[in-house]
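One letter stands for each residue in the lines below.
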Amino acid sequence: MQSAPSISQAPSELLVVSFDPDTGDAAPNDEWIELVGPADDPFRHLSAEDENLARELVQKARSGRMTTGQVLFVADGPRQRTVLLHFMPVHLSDREEGLPVLITGELLELSESVNPAQTEQARMANLGQMTMGVAHNFNNLLSGIMGHTELMRAALSRDLDRELLSEHVASIEQAASDGNHMIKKLQRHLRQEEKTAHVPLDLSGLIQDCVVFTRPYWYNEPRIQGRAIMVEQDLDSVPAILGSASDIRDVLVNLILNAVQAMPQGGIITVRTRLVQGRVRLSVADTGTGMSADVLAQVFDLGYTTKQEGNGVGLAVAREKIRGHKGDILVESALGEGTTFTLDLPADTDDEVAPVRTTKQEHQSGLRVLVVDDEDRVRTVLGKLLTLKGHEVVDAPSGPAGLEILQNGRFDVIITDRAMPEMDGREFARRAHEMTPHTPIILLTGDTFAGGTDETISTVLAKPCKIDTLTAAIRELVPATV
């Protein structure tokens, strides 16, 4: 069997540069200077377009926003080399803006001793490696988003009813959930898993989610620009469809945003549902500029777009998603007469859709929980959420720090991340199990190939993990005392 080509990453040390918060001066390491640029011009060797992007990402990080997994290109004579960089703000207690910035990264480079076929194979392996890294970081970000959403919900329950704020919270939560679903589909693809089964979906609820989620685009922004756009809903009672909620929402959001862009003077977007010959029809119609016959004939072609900033991907992907639901997208349009996109979908033929069963869960609180994670935001959110559930939480930023804490205290349950520097979660769990063999350990991970339970890991949960899922796992592992 022919071995896979190696992917060399040179130099072997990380690329590192930091920026002073007051002067903006750069302090690069030798590897950064050699590959990317010197201290007085730290992005000198990037392509012109990527140099501008890098400077924008530095300013973004100075305001507290992190960017991870950014691929940029270095111009090295006649050839182009690829670096993977992470732009990270360094949070200080005495300031919220103008933060120090740390950039770390690595060179992604193929060995020159491989033939073209091997090179292509290596590129694909490299792409998979990069994608899994981005997936891990994205899941950490989603954990923070979903956790803060649940904290906001807890605060609302103790305050006056704020319906509009609740809608926005629900939209953020749904967006995070859909992002999580997207990552899991990517991970399943990388693992070559089969597609998950579709479930019964209530279209009226999905439509309402999309209308609320897109409100800033069809109401707020046009209003600021002096134009009025309204969204009307004309929804018949139709059967459920079998499908993926996140896929259908993706398509609907795309169609609504397209309709907004097609009405530069304002207008009305109408969302309708109808049952036609046993099939469900969901349409999004606008009163905008419409399309010519030439545009109409190419509207679903991959790469075709009439927008200055478009990439011609949205409608092509939307059609493939709907075809994956055994349906299709139909379009009717004429110049000056608006456009109507219609999703034609099969109805769920199962008349008996089992309701979601809810059971009264046994309340359990007062446990001592150790949380080990190298991501500050994940530790903070988990700590606050578990505290709201009545638990006492101690956290540690690394495996060695967690082991030191274990030497001086007893815990009812341990929660650890898997991918951490110094000591990964499984090694930490092995050593923690030796110290306290009867304490259950929960492994939280956003990684694609995380593995399952073993003699040290009691439960494996995927990030982002809702607090109800986590507390249910704790209940399973630590019997409640009366």
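This section reports on the structure supplied with the text. (Residues numbered from 1 in each chain as written. Predicted model: local features only at pLDDT ≥ 70, side-chain atom pairs only at ≥ 80, totals over all residues. Heavy atoms only, no water.)

### With respect to the nonpolar core
Here is step 1 of the chain: Ile248, Ile269, Leu282, Ile329, Phe341 and Leu343 are the most contacted members of the largest nonpolar core, which has 37 residues in total.
Here is step 2 of the chain: Of all the secondary structure elements, the ones that give two or more residues to this core are helix H5 (203-213), strand E7 (229-235), helix H7 (245-261), strand E9 (267-276), strand E10 (279-286), helix H9 (314-323) and strand E12 (339-346).
Here is step 3 of the chain: Tallying contributions element by element places H7 first for this core, with 8 residues.
Here is step 4 of the chain: Beyond its immediate stretch of four places on either side in the chain, phenylalanine 341 contacts Leu255, Leu282, Ser283, Val284, Met291, Val299, Phe300, Leu315, Ile329, Leu330 and Val331.
Here is step 5 of the chain: Counting 21 residues, the second largest nonpolar core, distinct from the first, contains Phe19, Val58, Leu72 and Val101. (Core = buried A, V, L, I, M, F, W, Y, C linked by side-chain atoms within 4.5 Å. Buried < 20%, exposed > 50% of the residue type's maximum accessible area, 1.4 Å probe, protein only. Helix = DSSP H or I, 4+ residues; strand = E, 2+ residues; numbered from the N terminus. Contact = heavy atoms within 4.5 Å.)

### Quick look at helix H12 (residues 425-435)
Here is step 1 of the chain: Along H12, the residues that are buried comprise Gly425, Phe428, Ala429 and Ala432. The buried residues of H12 occupy an angular sector of 100° when projected down its axis, which confines them to one face.
Here is step 2 of the chain: Contact partners of the buried residues in H12: strand E13 (368-372), helix H11 (399-407), strand E15 (413-417) and strand E16 (441-445).
Here is step 3 of the chain: Structurally, the start of H12 carries an N-cap: the backbone nitrogen of arginine 426 is 3.2 Å from a side-chain oxygen of aspartate 424. (Arc of directions from axis to C-beta. Polar contact = N/O pair within 3.5 Å; in protein donor to acceptor, adjacent residues only side chain to side chain.)

### Notes on the packing of aromatic side chains
To describe a pair of aromatic rings, you give the distance between the ring centres and the angle between the ring planes.
Here is step 1 of the chain: In total, this model carries 4 aromatic pairs according to the counting rule given.
Here is step 2 of the chain: Both rings, one in tryptophan 218 and one in tyrosine 219, keep their centres 6.1 Å apart while their planes meet at 75°; by these two values the pair is edge-to-face.
Here is step 3 of the chain: Accessibility expressed as a relative area gives 6% for tryptophan 218, which makes it buried.
Here is step 4 of the chain: The exposure class assigned to tyrosine 219 is partly exposed, which follows from its relative accessible area of 26%.
Here is step 5 of the chain: Counting every residue linked through ring pairs, the aromatic cluster contains Phe19, Trp32 and Phe43.
Here is step 6 of the chain: Over the face of the ring belonging to tyrosine 219 we find arginine 215, whose NZ or CZ atom lies 4.3 Å from the ring centre.
Here is step 7 of the chain: Over the face of the ring belonging to phenylalanine 411 we find arginine 368, whose NZ or CZ atom lies 4.4 Å from the ring centre. (Phe/Tyr/Trp six-rings, centres within 6.5 Å; stacked < 30°, edge-to-face > 60°. Lys NZ or Arg CZ within 6 Å of the ring centre and 35° of its normal.)

### Side note on unusual backbone geometry
Here is step 1 of the chain: Here glutamine 277, not a glycine, exhibits a phi torsion of approximately 50°, which is positive.
Here is step 2 of the chain: Along the chain, glutamine 277 falls in the loop between E9 and E10.
Here is step 3 of the chain: A positive phi angle, near 60°, is found at lysine 326, a position not held by glycine.
Here is step 4 of the chain: Its location among the elements puts lysine 326 in the loop between H9 and strand E11 (328-333).

### Structural notes on the pattern of salt bridges
Here is step 1 of the chain: Applying the stated rule across the entire model yields 22 salt bridges.
Here is step 2 of the chain: The salt bridge involving aspartate 234 is made with arginine 272; its shortest N-O contact spans 3.5 Å. In this pair, aspartate 234 is assigned in strand E7 and arginine 272 in strand E9, connecting sequence segments 38 residues apart.
Here is step 3 of the chain: Judged by relative accessible area, which is 28%, aspartate 234 ranks as partly exposed.
Here is step 4 of the chain: Exposure remark for arginine 272: the relative accessible area of 32% places this residue in the partly exposed category.
Here is step 5 of the chain: Here aspartate 234 and arginine 274 are joined by a salt bridge, their closest N and O atoms 2.6 Å apart. On the criterion of sequence distance, the pair formed by aspartate 234 in strand E7 and arginine 274 in strand E9 is long-range, its members being 40 residues apart.
Here is step 6 of the chain: Using a relative accessible area of 27% as the deciding quantity, one classes arginine 274 as partly exposed.
Here is step 7 of the chain: Among the ionic contacts, a cluster of salt bridges with common partners joins Asp40, Asp41, Arg44, Glu51 and Arg55. (Salt bridge = Lys/Arg side-chain N within 4 Å of Asp/Glu carboxyl O.)

### What about the environment of aspartate 374?
Here is step 1 of the chain: Position of aspartate 374 relative to the elements: it lies in the loop between E13 and helix H10 (376-388).
Here is step 2 of the chain: The exposure class assigned to aspartate 374 is partly exposed, which follows from its relative accessible area of 27%.
Here is step 3 of the chain: Spatially, the C-alpha atom of aspartate 374 lies 5.5 Å from that of serine 398, the residues being 24 residues apart in sequence.

### Looking at the pairing of E15
Here is step 1 of the chain: Of all 5 residues making up E15, 5 are buried, and the element is well covered by its neighbours.
Here is step 2 of the chain: Residues Val413, Ile415 and Asp417 line one face of E15 and the alternating positions Ile414 and Thr416 line the opposite face, and both faces are buried.
Here is step 3 of the chain: Of the pairings in the sheet, the one linking E13 to E15 comprises 4 bridges and is parallel in character. Residue pairing in the sheet places valine 371 in a bridge with isoleucine 415 of E15.
Here is step 4 of the chain: Across 4 bridges, the pairing between E15 and E16 is parallel. (Pairing = 2+ DSSP bridges.)

### Overview of the pairing of E9
Here is step 1 of the chain: Inspection of the sheet shows E7 paired to E9 by 7 bridges, in the parallel sense. Residue pairing for E9: valine 231 is matched across the bridge by isoleucine 269.
Here is step 2 of the chain: Looking at chain direction, E9 and E10 are connected through 8 bridges and run antiparallel. Its bridge partner being in E10, isoleucine 269 is matched across the sheet by aspartate 286.

### Observations concerning the packing of H5 against helix H6 (residues 215-224)
Here is step 1 of the chain: For the pair H5 and H6, interaxial distance at closest approach is 5 Å and the crossing angle is 35°. On H6, the residues that touch Val211, Val212 and Phe213 of H5 are Arg215, Pro216, Tyr217 and Trp218.
Here is step 2 of the chain: Looking at the contact of H5 with H6 residue by residue, the classes come out as 6 nonpolar, no polar and 1 charged. (Axes fitted to C-alpha atoms, helices over the stretch in contact; angles between N-to-C directions. Nonpolar A, V, L, I, M, F, W, Y, C, P; charged D, E, K, R; others polar.)

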